[in-house]
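Given next are the chains, with one letter for each unit.
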Amino acid sequence: MSRYARKVDSSHRAVVKALEAFGADVEPVQSAKAGRPDIVFGIFGRTHWAEIKPDTKLKAHQPSEEQAKFIRMWRGSPIHILRNVDDVAALV
């Protein structure tokens, strides 16, 4: 199993499949640098970043301190937190 496969959250595959079902192109970027979102995706002529977290409200499943800092400092379009297929449908 690759390092990437071990690190993805439990809802990762479902979120990516839902994005692709809506027609998005999805690329993983989580290994680029600590604190970066998990994926970048393009849909309807727009590019978005997203952090994928498990579908729970547990504190352990919130963005890390490094991720929260990156989200606050990012000057581009908002970074989405996606937990499930419903989040994807609401975003798209």
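Coordinates for the structure precede this section.
Residues numbered from 1 in each chain as written. Predicted model: local features only at pLDDT ≥ 70, side-chain atom pairs only at ≥ 80, totals over all residues. Heavy atoms only, no water.

**Focus: the nonpolar core**
- Core analysis: the largest hydrophobic core is formed by 13 residues, its most contacted members being Leu 19, Val 26, Ile 39 and Phe 41.
- Breaking this core down by element, the ones donating at least two residues are helix 2 (12-21), strand 2 (39-43) and strand 3 (46-52).
- Contacts of Leu 19, omitting those with residues within four sequence positions, involve Ala 24, Val 26, Ile 39, Phe 41, Leu 82 and Val 88. (Core = buried A, V, L, I, M, F, W, Y, C linked by side-chain atoms within 4.5 Å. Buried < 20%, exposed > 50% of the residue type's maximum accessible area, 1.4 Å probe, protein only. Helix = DSSP H or I, 4+ residues; strand = E, 2+ residues; numbered from the N terminus. Contact = heavy atoms within 4.5 Å.)

**Examining unusual backbone geometry**
- At Phe 44, a position not held by glycine, the phi torsion is positive, near 55°.
- With respect to the element layout, Phe 44 can be found in the loop between strand 2 and strand 3.
- Judged by its relative accessible area of 66%, Phe 44 falls in the exposed class.

**Some points on a nonpolar patch on the surface**
- Nonpolar side chains collect at one region of the surface, where Phe 22, Phe 44, Leu 91 and Val 92 lie side by side and expose about 370 Å² of accessible area between them.
- Tracing the backbone shows Leu 91 in helix 4 (residues 85-91). (Patch = residues over 30% accessible without salt bridge, like charges linked within 9 Å, V, L, I, M, F, W, Y side chains within 5 Å. Areas by Shrake-Rupley, 256 points an atom, 1.4 Å probe, with all protein chains shown as cover. Salt bridge = Lys/Arg side-chain N within 4 Å of Asp/Glu carboxyl O.)

**Brief notes about the packing of aromatic side chains**
- Here the structure, examined in full by the defined rule, presents three aromatic pairs.
- Here Trp 49 and Phe 70 contribute two aromatic rings whose centre-to-centre distance is 5.6 Å and whose plane-to-plane angle is 35°, an arrangement assigned as tilted. Taken together, the positions of Trp 49 in strand 3 and Phe 70 in helix 3 (residues 65-73) put the pair 21 residues apart, joining distant regions of the chain. Neither residue differs from the other here; Trp 49 and Phe 70 are each classed as buried.
- Geometrically, the ring pair formed by Trp 49 and Trp 74 is tilted, given 4.9 Å between the ring centres and 45° between the ring planes. One end of the pair, Trp 49, is in strand 3; the other, Trp 74, is in the loop between helix 3 and strand 4 (79-82), with 25 residues separating them in the sequence.
- A relative accessible area of 19% places Trp 49 in the buried class. (Phe/Tyr/Trp six-rings, centres within 6.5 Å; stacked < 30°, edge-to-face > 60°.)

**Description of the environment of Phe 44**
- C-alpha separation for the pair Phe 44 and Ala 24, spaced 20 residues apart in sequence, amounts to 7.9 Å.
- Ignoring anything within four residues of it in the chain, the contact list for Phe 44 reads Phe 22 and Val 92.

Read these as layout, nothing more, since geometry by itself doesn't imply function.
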